[in-house]
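# Summary of the model geometry
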2 protein chains.
Amino acid sequence: MTPAKRVRKSPEERRADVHGAARSIALESGLSAVTQRAVAERAGVAPGLVTHYADRMELLVAEVFRDIVQEELESVRSAVEAVEGDDVERVIALLHGLIRDYRRDVALVWLDGWSLSRRNEELAATLVDQARAWEDFVAAVFERGDASGAFRAPDPLALARFVIGATDGLSAQATVWAGHEEETVRYVTRTVAGLLGIPTSALARTAY
Amino acid sequence: MTPAKRVRKSPEERRADVHGAARSIALESGLSAVTQRAVAERAGVAPGLVTHYADRMELLVAEVFRDIVQEELESVRSAVEAVEGDDVERVIALLHGLIRDYRRDVALVWLDGWSLSRRNEELAATLVDQARAWEDFVAAVFERGDASGAFRAPDPLALARFVIGATDGLSAQATVWAGHEEETVRYVTRTVAGLLGIPTSALARTAY
DNA sequence: ATCGGTATTGATCGGTTGATCAATAGCCTG
DNA sequence: CAGGCTATTGATCAACCGATCAATACCGAT
């Protein structure tokens, strides 16, 4: 039993290590696999160091959830903002980000979040925050198109809630029903086109 | 410490007791609260008796999930089959069963099921079975209307998958975003009407 | 080179979980 | 009423969980 050689890092760096280990575990095996010992092992560190930096494991889980979900949102956001065309094109990019480019690991993290937030207050609060951030983002896309006259969206926030709720459910389905993404995109496209008061072909003009 | 008085029941009856206790715990506190000791206490029984009848706790959890979900399906099924009117009326009843009459406890059990099935093989298999049963039921409603000419549903199964996925997601949302059920019903109604090729008013003619 | 601050260790505690099984006692049969 | 089958008990085990903290040793400052 040779005592493990120690490496002394700056608190910020070590904190990032622990956080990164927790993050990768969450993406691989779910939020419930983010335990003190599992994180410690992956970070190559003693168990005590994890709670030393994370304070409580529940907080670490909530933070990891926030990071994963936030990154996904920023990814879709930048894809939408990178669109050169009109507001209809932006909606197309949005739907792509919501469904076609969905990431199974992220979808599973969302499901874990819903389930675990019953017993983890911080996680519950974080989940609500992130859901609102998604709503605001999607609603802004619809509002912009409504303002420019590209389509009609009299209640952007309600529409955003609907689209997000629906696509979330479809993503959950897709975690076990793989292979129906194309079909799902078609349905959602038709649906949203109908709700926006534009012809389906307008939202489906790029090749899917 | 007076030894607890024993009551000797038939295996079938005791099994039902244990099962019922597990079921009520799942509806109250989620699938992850269905532990050997919690079930034993609620059933008024020694912990050992729970696993004696359930074999493994994972099996009990899977069975409880199946029962709860199956009962919900049968409830909606009988509501739809009780409709006297035409196939459009049946779709209205279906959407009601899927969204407005949604039960928060059942929705949470679904979420737990998705999350837990990563670590519980039997639960995963049960979840897939139940999801298919829902699909078949909803698809049959659409197929019937298509056959009778009440509306158009060229691919009933795909449409069923879409409607179920979307309403599942919206139900999950509703577990935290309470109070938007009416709005959600309106959106889903418009959406489904559009997909079925009938005027929205046809699906919304009863007072919501 | 050495000293001190502090990052890090890892054993430890109390709590939970599922599973097991010898011992017990209720109730039906004769 | 007696006997025996078996339903039931409850203590016990190993494995995991999060949290804690005195002891340790690394590394920058002097």
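Source: prediction; values computed, not measured.

### Details of the overall build of chain A
Counting its regular elements, chain A contains ten helices and zero strands. Each helix and strand of chain A, placed in order from N terminus to C terminus, yields the pattern α-α-α-α-α-α-α-α-α-α. Counting only C-alpha atoms and orienting by the principal axes, one finds that chain A spans roughly 70 × 35 × 30 Å. Counting all 208 residues of chain A, 50% fall into the buried class. Once local pairs closer than 6 in sequence are excluded, the contacts in chain A between residues at least 24 apart make up 65%.

### Details of the protein's contact with DNA strand C
Residues in close proximity to DNA strand C total 25 residues, the closest being Arg14(A), Tyr53(A), Arg6(B), Arg8(B) and Arg37(B). Across the atoms of DNA strand C situated within 4 Å of the protein, the share located in sugar and phosphate is 56%. Between DNA strand C and the protein, one listed contact pairs a base nitrogen with a side-chain N or O atom of Arg8(A) at 2.9 Å. Between DNA strand C and the protein, one listed contact pairs a phosphate oxygen with a backbone N or O atom of Lys9(A) at 2.8 Å. Secondary structure elements with two or more residues in the surface near DNA strand C: α1 (11–29) and α3 (47–54) of chain A together with α2 (36–43) and α3 (47–54) of chain B. Broken down by element, the residue count for the surface near DNA strand C peaks at four residues, all from α3(A). When its residues are assigned to classes, the surface near DNA strand C shows ten nonpolar, six polar and nine charged.

### Some points on the packing of helix α4 (residues 57–81) of chain B against helix α7 (residues 121–148) of chain B
All names here are of chain B. Their axes nearest at 9 Å, the elements α4 and α7 cross at an angle of 10°. Looking at the two axes, α4 sits roughly parallel to α7. For the contact of α4 with α7, the residue count by class is 14 nonpolar, three polar and five charged.

### Description of the protein's contact with DNA strand D
Contacts to DNA strand D come from 25 residues, most closely from Arg6(A), Arg8(A), Arg37(A), Lys9(B) and Tyr53(B). Atoms of DNA strand D within 4 Å of the protein: sugar and phosphate make up 58%, bases the balance. In this structure, a base oxygen belonging to DNA strand D sits 2.7 Å away from a side-chain N or O atom of Arg37(A). Between a phosphate oxygen of DNA strand D and a main-chain N or O atom of Ala46(B), the distance comes to 2.9 Å.

### A word on helix α5 (residues 87–100) of chain A
Residues and elements named next belong to chain A. The end-to-end C-alpha distance of α5, which contains 14 residues, comes to 19 Å, matching closely the 20 Å that a straight helix rising 1.5 Å per residue would cover. With twelve of 14 residues buried, α5 lies mostly within the body of the structure. For α5, the capping residue at the N-terminal end is aspartate 86, with a side-chain oxygen 3.2 Å from the backbone nitrogen of valine 88.

### Some details on the domain arrangement of chain A
Residue and element names in this part refer to chain A. In terms of domain boundaries, chain A breaks down into domain 1 (9–55) and domain 2 (63–203). Listed per partner, the contact involves eight residues of domain 1 and 14 residues of domain 2. Here domain 1 meets domain 2 over a buried area of about 910 Å², counting both sides, of which 69% is carbon and sulfur. Summed over the shared surface of domain 1 and domain 2, the result is one salt bridge. Between glutamate 71 and arginine 23 there is a salt bridge; the shortest N-O distance is 2.9 Å. Scanning the region where domain 1 abuts domain 2 turns up three residue pairs in polar contact (both at pLDDT 80 or more). Of the residues in the side of domain 1 that touches domain 2, the class split is four nonpolar, three polar and one charged.

About the cut-offs
Residues numbered from 1 in each chain as written. Chains lettered and ligands numbered in written order. Predicted model: local features only at pLDDT ≥ 70, side-chain atom pairs only at ≥ 80, totals over all residues. Heavy atoms only, no water. Helix = DSSP H or I, 4+ residues; strand = E, 2+ residues; numbered from the N terminus. Buried < 20%, exposed > 50% of the residue type's maximum accessible area, 1.4 Å probe, protein only. Contact = heavy atoms within 4.5 Å. Near = heavy atom within 4 Å. Polar contact = N/O pair within 3.5 Å; in protein donor to acceptor, adjacent residues only side chain to side chain. Nonpolar A, V, L, I, M, F, W, Y, C, P; charged D, E, K, R; others polar. Axes fitted to C-alpha atoms, helices over the stretch in contact; angles between N-to-C directions. Parallel < 35°, antiparallel > 145°, perpendicular 65-115°, else oblique. Expected span 1.5 Å × (residues − 1). Domains from an automatic or database assignment. Buried area = accessible area lost by both parts, 1.4 Å probe. Salt bridge = Lys/Arg side-chain N within 4 Å of Asp/Glu carboxyl O.

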